[in-house]
Amino acid sequence: MLPDLRDDFPLLARSVRNGKSLAYLDSGATAQRPHAVLNAMDEFDRLHNGAVARGAHLLAEEATEAFEGARGSVARLVNAASPEEIVWTSNATAALNLVANGIGNASAGQGGAASSLFRVGPGDSIVVTQAEHHANLIPWQQLAARTGATLRWIEVDDLGRHRLEQLGSVIDETTKVVAFTHASNVTGVVSDVAAFVARAREVGALTVLDACQSVPHIPVDVQALGVDFAAFSGHKMLGPTGIGALWGRKSLLDVLPPSVFGGGAIMTVTLEETTWHPAPTRFEAGTQPVTQAVGMGAAAEYLMALGMEDVAEHERRIARIIREGVSEIPGVRLLGPVGDAHDVLGIATVAVDGVHTHDVGQVLDDLGVAVRVGHHCAQPLHKRFGVTGSTRASAHVYTTEEDAERFLAGLASVREFFGVPA
Amino acid sequence: MSSLEQMYQQVIMDHAKSRHGAGLVQLDLPAVGESHQVNTTCGDEVTLRVGLDGDTVSSVRWEGQGCSISQASISALTELVEGHSIEESEEVYEAFRALMGNRGEDLGDDRDDMLGDAGAFVGVGKYPARIKCALLGWMALRDAIAHAQAAGVEGETHG
């Protein structure tokens, strides 16, 4: 069980509207940062900043050590086979685009025979799901448009769970890529990764996992999951913005053509052509966000010290309070499985009958409760649920039962405030 | 009055419920223009149709979905501009925009009178994220007027 961690997070001590204390329930959008992360970045900037992998001086050495050390920490968090399987990106969206663009470049002939396993074209299909965040949908739409491949999707049922019976028909011999979320940022439902991977392997398709909502909240073992790539961001796992990571199997990363070109990523350059480093360096052209990488590494260490099993258990407890609580409020509809479900993260997203999500969020904000409103970059899933927007409460390691109770009390007052008949 | 109550004044709540001009109907006027606007942050949208008679905004009809601020704002603007000249509606728009940028304070001059019910949106100015909601209808109105003017000119040329 986790101790009360609020004191680790300086921002949580500030007051918000009307001098109220902050009940921060928007961690699914971005999480707050503990002293451990803030201090690691501060110390790096004050004492160790230097050009990574370039200089011959002490600072350059220390900076390189910090940068690569952070990579090692993130690799351990997700149980990568080696730190070289972690590629730094500016965020998770960039990580997903790195894979999609790399496949696009391979399809245009880059990388030659070694990269031919990535080729997609007319007659091939790319499969996503109805539950995807736009970041794991649009890059694949674009790849399909660019290569002539067809985009297909797996639907979800009324509770937001994937209709696994469709795997066998939607994913077929034409499928080259299956891109799907590990956990929905709207419903919190955790996908049956094994089922996706098993079907993808049957047809020889690559699997790309959007792990943004899972890595910060539950134990994630990329090797055990069996996927080929996984993307996640720093700022949702208690780290800073401006940094994310792509995990990929080394054998695949080494032959995936890069799509951002520049210094540092190359083996040799002549005026005619360039050969690239193996992964991860081939994808890290130009000066990297080193301070942010150090911060993400510190966040990984912080989470591992807490223990991801305990983190998951803590958030399940908060989720239980919120999900059961909202089920009892008249006129409030929970998107996703109702009550205590085994396969749902610490997220509760609701639609309030007769009140627009912006108005719901405004009333909660006035009470010091910070939630996310809108479509959460998942318009297709909202359409599936028959709503245009919703209000989301999401937990993290620092979320308390009191935060959850304040959300529920505020939510219960919304319809009365707007004069909606009971 | 708390900031929240200042934002959701009764006038706004009333406009959000009984929406003036709601319902998109055919307008039998010399120049008709339409605009569809979307607030990309929340997906709120409005389709607004304007009918001009010379320089007069004769009719405003719309349908939309959105928060109480956006819906009430469209309703209030419909009341304000219908029957007035294009120039007057532009003046009201400028006043409303100034109010949105005034951080929750009245403008303190005769523009407050000009704004009528729309003056009740003063509290929205304290919440930068919501100003877009209040302006959605105004964007649609100005765009629809521009389309109506263009249609009117075309009508004259061909007529």
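Since this is a predicted model, take the numbers as computed values, not measurements.

**A word on the pattern of salt bridges**
- Tallied over the entire structure, the rule returns 23 salt bridges over all chains.
- Note that A:Glu401 and A:Arg317 form a salt bridge whose closest N and O atoms lie 2.3 Å from each other. Of this pair, A:Glu401 sits in helix α13 (residues 401-417) while A:Arg317 sits in helix α10 (residues 308-327), placing them 84 residues apart in sequence.
- For A:Glu401, a relative accessible area of 41% puts it in the partly exposed group.
- Looking at A:Arg317, the relative accessible area reads 21%, which means it is partly exposed.
- Two residues, B:Glu94 and B:Arg97, come together in a salt bridge whose shortest N-O distance is 3.8 Å. Within this pair, B:Glu94 and its partner B:Arg97 are both found in helix α4 (residues 86-100), separated by three residues, close to a single helical turn.
- Accessibility expressed as a relative area gives 37% for B:Glu94, which makes it partly exposed.
- Several salt bridges converge on common partners, so that one network encompasses A:Glu68, A:Arg71 and A:Glu284.

**Here we look at the interface of chain A and chain B**
- Contacts between chain A and chain B engage 14 residues on the former and 19 residues on the latter.
- For chain A, the biggest contributors to the area lost against chain B are A:His358, A:Gln362 and A:Phe417; these three give 36% of the whole.
- We note a salt bridge from B:Arg130 to A:Asp359, for which the minimum N-O separation is 3.0 Å.
- Between the two partners, chain A and chain B, sit eight residue pairs in polar contact (both at pLDDT 80 or more).
- Among the elements that line the side of chain A that touches chain B, the one with the most residues is helix α11 (residues 357-366) of chain A, at six residues.

**Brief notes about the packing of helix α2 (residues 10-17) of chain B against helix α3 (residues 68-81) of chain B**
Residue and element names in this part refer to chain B.
- Interhelical geometry of α2 versus α3 gives an angle of 85° and a closest axis separation of 8 Å. Relative to α3, the element α2 is oriented roughly perpendicular. Of the residues in α3, those in contact with Ile 12, His 15 and Ala 16 of α2 are Ser 68, Ile 69, Ala 72, Ser 75, Ala 76 and Glu 79.
- Partitioned by chemical class, the residues of the contact of α2 with α3 number five nonpolar, three polar and one charged.

**Regarding the domain arrangement of chain A**
All names here are of chain A.
- According to the domain assignment, chain A consists of domain 1 (6-30 + 307-417) and domain 2 (41-304).
- Tallying the contact residues gives 36 residues for domain 1 and 34 residues for domain 2.
- With both chains or domains summed, domain 1 and domain 2 bury close to 3000 Å², and 59% of this area falls on carbon and sulfur atoms.
- Of all residues in domain 1, the largest losses of buried area upon contact with domain 2 belong to Met 308, Leu 345 and Arg 384, amounting jointly to 23% of the total for that side.
- Linking domain 1 with domain 2 are two salt bridges, by the criterion used here.

**What about the sheet that holds strand β4 (residues 150-154) of chain A?**
All names here are of chain A.
- Spatially, seven strands are ordered β2-β8-β7-β6-β5-β3-β4 in an open sheet, and the strand pairing comes out mixed. Edge positions in the sheet fall to β2 (86-89) and β4, since each of these pairs with one other strand and no more. Shown here is a sheet whose adjacent strand axes are inclined to one another by a mean of 20°, direction ignored.
- Looking at chain direction, strand β7 (residues 229-233) and strand β8 (residues 244-248) are connected through five bridges and run antiparallel. The residue of β8 that forms the bridge with Ala 231 is Leu 246.

**Quick word on helix α2 (residues 58-77) of chain A**
Residue and element names in this part refer to chain A.
- Over its 20 residues, α2 extends 29 Å from the first C-alpha to the last, a length consistent with the 28 Å expected when each residue adds 1.5 Å.
- Here α2 has its buried residues at Ala 60, Ala 63, Phe 67, Ala 70, Arg 71, Gly 72, Ser 73, Val 74, Ala 75 and Leu 77.
- Those residues of α2 that are buried are in contact with α1 (35-48), β2, β7, β8, α9 (290-306) and α10.
- Phi for Asn 79, located one or two positions after α2, is positive at around 55°.

The rules behind the values
- Residues numbered from 1 in each chain as written.
- Chains lettered and ligands numbered in written order.
- Predicted model: local features only at pLDDT ≥ 70, side-chain atom pairs only at ≥ 80, totals over all residues.
- Heavy atoms only, no water.
- Salt bridge = Lys/Arg side-chain N within 4 Å of Asp/Glu carboxyl O.
- Helix = DSSP H or I, 4+ residues; strand = E, 2+ residues; numbered from the N terminus.
- Buried < 20%, exposed > 50% of the residue type's maximum accessible area, 1.4 Å probe, protein only.
- Contact = heavy atoms within 4.5 Å.
- Buried area = accessible area lost by both parts, 1.4 Å probe.
- Polar contact = N/O pair within 3.5 Å; in protein donor to acceptor, adjacent residues only side chain to side chain.
- Axes fitted to C-alpha atoms, helices over the stretch in contact; angles between N-to-C directions.
- Parallel < 35°, antiparallel > 145°, perpendicular 65-115°, else oblique.
- Nonpolar A, V, L, I, M, F, W, Y, C, P; charged D, E, K, R; others polar.
- Domains from an automatic or database assignment.
- Pairing = 2+ DSSP bridges.
- Expected span 1.5 Å × (residues − 1).

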